[in-house]
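Examining the three-dimensional arrangement
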Amino acid sequence: MNPIASTVPTGSSASDPVTQLHSVRQLVQERYTDEQPLIRAALHLIDCATDIVAGLPEPDLDACRDALGSARAAVVSATYAVGRVRDLAAAGTEHA
């Protein structure tokens, strides 16, 4: 069982996806240090997802553009995190 998902509150207001995403972000911040590249990326991805979900009910072009911008930011963040972790892993093998 996912330890973060299992601590997200359930109830009428907690069933709102934006509220759930805010809760998950807070839990990640409380449990992990944001100095790690993957944690920073995860927090950014949660922010991007929150922005997209918050704009879903709005069927206009601006909401779609905002969602696309958040998706692009998520891809950049994930790409950076993968590269950073790869670089750290390579540096770690050089020191071994």
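Residues numbered from 1 in each chain as written. Predicted model: local features only at pLDDT ≥ 70, side-chain atom pairs only at ≥ 80, totals over all residues. Heavy atoms only, no water.

This part is about the nonpolar core. L21, V28, I39, L43 and I46 form the largest nonpolar core, which has five residues in total. Counting residues per element, the ones that place at least two in this core are helix 1 (17-31) and helix 2 (37-55). Residue contacts for L21: discarding those within four places in its chain leaves I46, A49, T50 and V53. (Core = buried A, V, L, I, M, F, W, Y, C linked by side-chain atoms within 4.5 Å. Buried < 20%, exposed > 50% of the residue type's maximum accessible area, 1.4 Å probe, protein only. Helix = DSSP H or I, 4+ residues; strand = E, 2+ residues; numbered from the N terminus. Contact = heavy atoms within 4.5 Å.)

A complete count under the given rule lists three salt bridges for this structure. A salt bridge links R65 to D62; the nearest nitrogen and oxygen atoms lie 3.9 Å apart. Taken together, the residues span about one helical turn, with R65 and D62 both in helix 3 (residues 61-95) at a distance of three residues. Of the residues examined, R65 reaches a relative accessible area of 53% and is grouped as exposed. A salt bridge links D87 to R86; its shortest N-O distance comes to 3.6 Å. (Salt bridge = Lys/Arg side-chain N within 4 Å of Asp/Glu carboxyl O.)

Let us look at helix 2. Three- or four-residue spacings in an α-helix give side chains the same orientation, since the helix completes a turn every 3.6 residues. Its 19 residues place the ends of helix 2 27 Å apart at the C-alpha level, agreeing with the 27 Å of an ideal helix rising 1.5 Å per residue. Listed in full, the buried residues belonging to helix 2 are P37, I39, A41, L43, I46, C48, T50 and G55. (Expected span 1.5 Å × (residues − 1).)

Let us look at the packing of helix 1 against helix 2. Where helix 1 meets helix 2, the closest approach of the two axes is 9 Å, and the angle between their N-to-C directions is 170°. Taken together, the axes of helix 1 and helix 2 lie roughly antiparallel to each other. Residues P17, V18, L21, H22, V24, R25, V28 and Q29 of helix 1 pack against I39, L43, I46, D47, A49, T50, V53 and A54 of helix 2. Here the contact of helix 1 with helix 2 is composed, by residue class, of eleven nonpolar, three polar and two charged. (Axes fitted to C-alpha atoms, helices over the stretch in contact; angles between N-to-C directions. Parallel < 35°, antiparallel > 145°, perpendicular 65-115°, else oblique. Nonpolar A, V, L, I, M, F, W, Y, C, P; charged D, E, K, R; others polar.)

Moving on, we get to the confidence of the model for the protein chain. Model confidence for the protein chain is summarised by a mean pLDDT of 80, while 82% of its residues fall at 70 or above. Highest mean pLDDT in the protein chain belongs to helix 1 (93); lowest belongs to helix 3 (85). Low pLDDT, under 50, characterises residues 1-6; the stretch is placed with seven contacts to residues that sit more than four places away or in other chains. (pLDDT = per-residue confidence, 0-100.)

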